[in-house]
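Commentary on secondary and tertiary structure
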Amino acid sequence: MTDRDDVPGRELGWTAAEESDDEPDTGPSRRQDLMAQGGPEASRRPSADAGPTSEAGWSQPFSTGANRVAPEPLPRPQPDPQFGEPDDARGSFREPPQFGPPNPSRPYAPSGPQPDWQDPGPPRPPAHPPQGSPSADGRAAQSWGGPGYGGQAGAAPAAPGGSYADRIRVDQLVPARKPLPGRGWRKLLYGATFGLVNLGPSQDELREAELAASIKSVLRGHYKIGVLGKGGVGKTTVSASVGSVFAELRQDDRVVAIDADTAFGKLGSRVDPKAQGSYWELASDRHLDSFADVRTRVGNNAAGLFVLAGEATPARRRVLDPAIYREATARLDRYFSISIIDCSSTMDSPVTQEVMRDLDALIVVSSPWVDGAAAAGQTMDWLAGRGMTGLLSRTVIVLNDSDGHADKRTRSILAQQFGSHGQTVIEVPFDGHLRPGGVIDGTAEMSAATRRRFIEIAAALAGHFPTQADRDRERY
């Protein structure tokens, strides 16, 4: 400040220190040192009437003329009841006092009574984390770390539970391929467009695939199916056809058809007319140590169905008895999982009685006429009269139209009457390829409707496959 600028101050009666680039006086100790040295500070001592000196060591008289009024002293900062004394109350004027938590570089001990509160600690993660945060199933890769979330900044994400290989789902990575149609105009369209248009299988094909899956279901132990019916209703034809369906769809199992009709049964001629073996050769052979040895005693057709034929030569008539039947079938049980047994039409026959003791399911064949239906009804009554209620629940009734002359109304009424007792009833239409006398080599030569009905019969029987060992399940 120049002398000219200092004139108004002297006229008002107060003096002040000159401006300087140095730091301002911060306390009385500094002022005393300068006065002792006789420096410029000593020549500017305040006069007696300049008013009280503040605790900071400087005066600011504000007056006009002779009446000089000293300003009120600055209030001393009071200690906060929560944080104690202010931090550095007598520090530089350019650095105001600081309040609050202690400085990490300086120890802090609050004075006075302690406040009645507790530190809640770091805040918890929100109840509903934002998008990308850990979810309830623990599959998110982000972890709550860093300040304010109870973790460490940069912490590694928590590893998800389970195996990494198990979490890789091939069905989600590879798109599912639509199945191809197997028949009909859908197949023709697929071939005509060189595979560009694929409408998939029809509902009928999907239903047939479900039936085939049922036939291929798990089978434990052996499964024996008896076939009963009056003569002339197509009992042998049904036996060979159902056996061929099982042989075609269950290629991992061996299926055998057994002729247990004592009245010169014709099952062997319907499956394999060249079959040489019979009950007596099979029961008398003591060297059946492998399936190859058994194979020489049975025949088979193109579908893979094996057959044990009955007595075919009238010249050497040998009557089948229960003992021979039991010995021969015991040998077959070692190598065959499913047996289709064509029984005699006489229910009181000793061999039929032996067959009934070892059956798991039953097929009762009826013609779609009154006489054939009456005979089938008598068979059902015979089973119920002997307490075979379990076997009745596993019985399938087949209305076989063997000559193609049955009317639709009669078939419908018979189906309702048989079905009212809880049994499964399936109608098999007439098929010229199944006429008596011909060889049944499988289902390839059958019409689509006939083949479908025999698949339904096999699926209904497969629905009763045993789920426990042979010795533990009830036959009747």
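Definitions and cut-offs
- Residues numbered from 1 in each chain as written.
- Predicted model: local features only at pLDDT ≥ 70, side-chain atom pairs only at ≥ 80, totals over all residues.
- Heavy atoms only, no water.
- Helix = DSSP H or I, 4+ residues; strand = E, 2+ residues; numbered from the N terminus.
- Buried < 20%, exposed > 50% of the residue type's maximum accessible area, 1.4 Å probe, protein only.
- Contact = heavy atoms within 4.5 Å.
- Areas by Shrake-Rupley, 256 points an atom, 1.4 Å probe, with all protein chains shown as cover.
- Salt bridge = Lys/Arg side-chain N within 4 Å of Asp/Glu carboxyl O.
- pLDDT = per-residue confidence, 0-100.
- Axes fitted to C-alpha atoms, helices over the stretch in contact; angles between N-to-C directions.
- Parallel < 35°, antiparallel > 145°, perpendicular 65-115°, else oblique.
- Left-handed = near helix turned anticlockwise from the far one by under 90°.
- Pairing = 2+ DSSP bridges.
- Polar contact = N/O pair within 3.5 Å; in protein donor to acceptor, adjacent residues only side chain to side chain.
- Patch = residues over 30% accessible without salt bridge, like charges linked within 9 Å, V, L, I, M, F, W, Y side chains within 5 Å.

**Here's the deal with the overall build of the chain**
Assigned secondary structure in the chain consists of 16 helices and ten strands. Counting the 476 residues in the chain, one finds 34% classified as buried. A separation of at least 24 residues holds for 71% of the contacts in the chain among residues at least 6 apart in sequence. Of the roughly 29200 Å² of accessible surface on the chain, a fraction of 52% belongs to carbon and sulfur atoms.

**With respect to the pattern of salt bridges**
One pass over the structure, following the stated rule, counts 18 salt bridges. Here Lys235 makes a salt bridge to Asp342, at a shortest N to O gap of 2.7 Å. Here Lys235, found in helix α7 (residues 235–249), pairs with Asp342, found in strand β7 (residues 338–343); they are 107 residues apart in sequence, far enough to count as distant. Here the two residues Lys235 and Asp342 agree in accessibility, since each one is buried.

**Comments concerning the environment of Ser217**
With respect to the helices, strands and loops of the structure, Ser217 is situated in the loop between α6 (203–215) and β3 (223–229). C-alpha separation for the pair Ser217 and Ala462, spaced 245 residues apart in sequence, amounts to 7.5 Å. The residues touching Ser217, leaving out its near neighbours within four places in the chain, are Arg250, Ala462 and Phe465.

**Describing unusual backbone geometry**
In this structure, Phe194 takes a positive phi of about 55° despite not being glycine. Given a relative accessible area of 77%, Phe194 falls into the exposed group.

**Description of the confidence of the model for the chain**
For the chain, mean pLDDT is 75; residues scoring 70 or higher make up 63% of the total. Across residues 46–66, confidence stays below pLDDT 50; counting only partners more than four residues off in sequence or on other chains, it has 21 contacts.

**Observations regarding the packing of α6 against helix α16 (residues 448–462)**
The contact between α6 and α16 brings their axes to 8 Å, and the two run at 40°. Considered as vectors, α6 and α16 are oriented oblique to each other. Considering only the axes of α6 and α16, their crossing is left-handed. Contacts between α6 and α16 pair Asp204, Arg207, Glu208, Leu211, Ser214 and Ile215 from the former with Arg451, Arg452, Ile455, Glu456, Ala458, Ala459 and Ala462 from the latter.

**Side note on the pairing of strand β4 (residues 255–260)**
Along β4, six of the six residues are buried, which leaves the element largely enclosed by surrounding structure. Residues Val255, Ala257 and Asp259 point to one face of β4 and Val256, Ile258 and Ala260 to the other, with burial holding for every one of them. The pairing of β4 with strand β6 (residues 306–308) spans three bridges and is parallel. The partner of Ile258 across the bridge, within β6, is Leu308.

**Some points on the side chain of Ser366**
In this structure, Ser366 sits in strand β8 (residues 361–366). Here Ser366 falls in the buried class, since its relative accessible area comes to 0%. Side-chain polar atoms of Ser366 contact the backbone oxygen of Gly372, separated by 3.2 Å.

**Description of the sheet that holds β6**
Spatial strand order, β5-β6-β4-β7-β3-β8-β9-β10: eight strands in an open sheet with mixed pairing. Each end of this open sheet is capped by a strand with a single partner; those strands are β5 (299–300) and β10 (424–428). Pairing between β8 and strand β9 (residues 395–400): five bridges, direction parallel. In the sheet register, Val364 faces β9, and the bridge partner there is Ile397.

**Observations concerning a nonpolar patch on the surface**
A cluster of nonpolar side chains, namely Ile168, Val170, Leu173 and Val174, defines an oily patch on the protein surface of about 420 Å² accessible area. Within the element layout of this structure, Leu173 appears in helix α4 (residues 170–173). Classification of Leu173 as exposed rests on a relative accessible area of 63%.

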